[in-house]
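Coordinate analysis (summary)
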Amino acid sequence: MSPAQKIVVESEELAQRTAEWLAGALQRALSGGGRCSFALSGGKTVGPIYRTLAAMPVPWERVDFYFADDRCVPPDHLESNYFLAKETLFRPAGIKLEQVRRMEGEREDRDAAARDYEALLPPTLDVVLLGMGEDGHTASLFPGLAAVEEQQRRVLAVVGPKPPPWRLTLTLPVLNEARQVLFAVAGEGKREAVRRVFAGEDLPAGRVKNAVWILDRSAAGQ
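Reading the values: the criteria
Residues numbered from 1 in each chain as written. Predicted model: local features only at pLDDT ≥ 70, side-chain atom pairs only at ≥ 80, totals over all residues. Heavy atoms only, no water. Buried < 20%, exposed > 50% of the residue type's maximum accessible area, 1.4 Å probe, protein only. Helix = DSSP H or I, 4+ residues; strand = E, 2+ residues; numbered from the N terminus. Arc of directions from axis to C-beta. Contact = heavy atoms within 4.5 Å. Polar contact = N/O pair within 3.5 Å; in protein donor to acceptor, adjacent residues only side chain to side chain. Salt bridge = Lys/Arg side-chain N within 4 Å of Asp/Glu carboxyl O.

Another aspect to go through is unusual backbone geometry. The omega angle of the peptide bond from Pro163 to Pro164 is -15°, so this bond is cis rather than trans. Its identity is not glycine, yet Asn210 carries a phi of approximately 55°, on the positive side.

So this is what it looks like as structure tokens:
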């Protein structure tokens, strides 16, 4: 299935445009006066996005934070998506850590950690930020993994091809039930995967329906 919408920007505009989209999505989710849920991702692209987003006028005290995936490392590890978000978004925006539901991937029983995270998730996530790898993976749903076909479980412990190998990840049913999903993708190395997704090839990222994609020109190609 082809993505719903593609927005191409200059590389230097990616963080600002993505942060603006996310701030708008959060404001829409909060417009009813309650709280909203926001699932974060990791990777090289998102740090500047989070720093930009932290300065935007979002009522952060009404946002509950989740993660699309995380590596099975302690929360202060440099490879931790939680640690990245804490340093670039939570701390700069003054977000209380009680609002953050992190994945406890450092636990010895990873399947129990995944099942406990399932219990923390809301029935439907309001806003999800995703990235995509050069192989077309998103969250920690890598091509060829059985987890890509999962239809019942909402969170799984998986072994991916990149170190550190063990990850916790949301599954496609959770991502496809989310109300607003944004992919932020940058760099020439992603260009072939972007082409394949938009051509309708069966890659994990392409299985996320009704998503908006913000691409820099290096990733978008022609």
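Residues of helix α4 (residues 110–120) that are buried include every one of Ala113, Ala114, Tyr117 and Glu118, and no others. Along the long axis of α4, the arc covered by the buried residues comes to 145°, so they all point the same way. Residues of α4 that are buried make contact with β3 (63–67), β6 (155–159) and β7 (166–170). For α4, the capping residue at the N-terminal end is Asp109, with a side-chain oxygen 3.3 Å from the backbone nitrogen of Asp111.

A few words now on the pattern of salt bridges. One pass over the full model with this rule turns up 17 salt bridges. One salt bridge connects Asp111 with Arg153, and the closest N-O pair in it is separated by 3.4 Å. In this pair, Asp111 sits in helix α4 while Arg153 sits in the loop between β5 (127–130) and β6, placing the two residues 42 residues apart along the sequence. The class for Asp111 is partly exposed, based on a relative accessible area of 36%.

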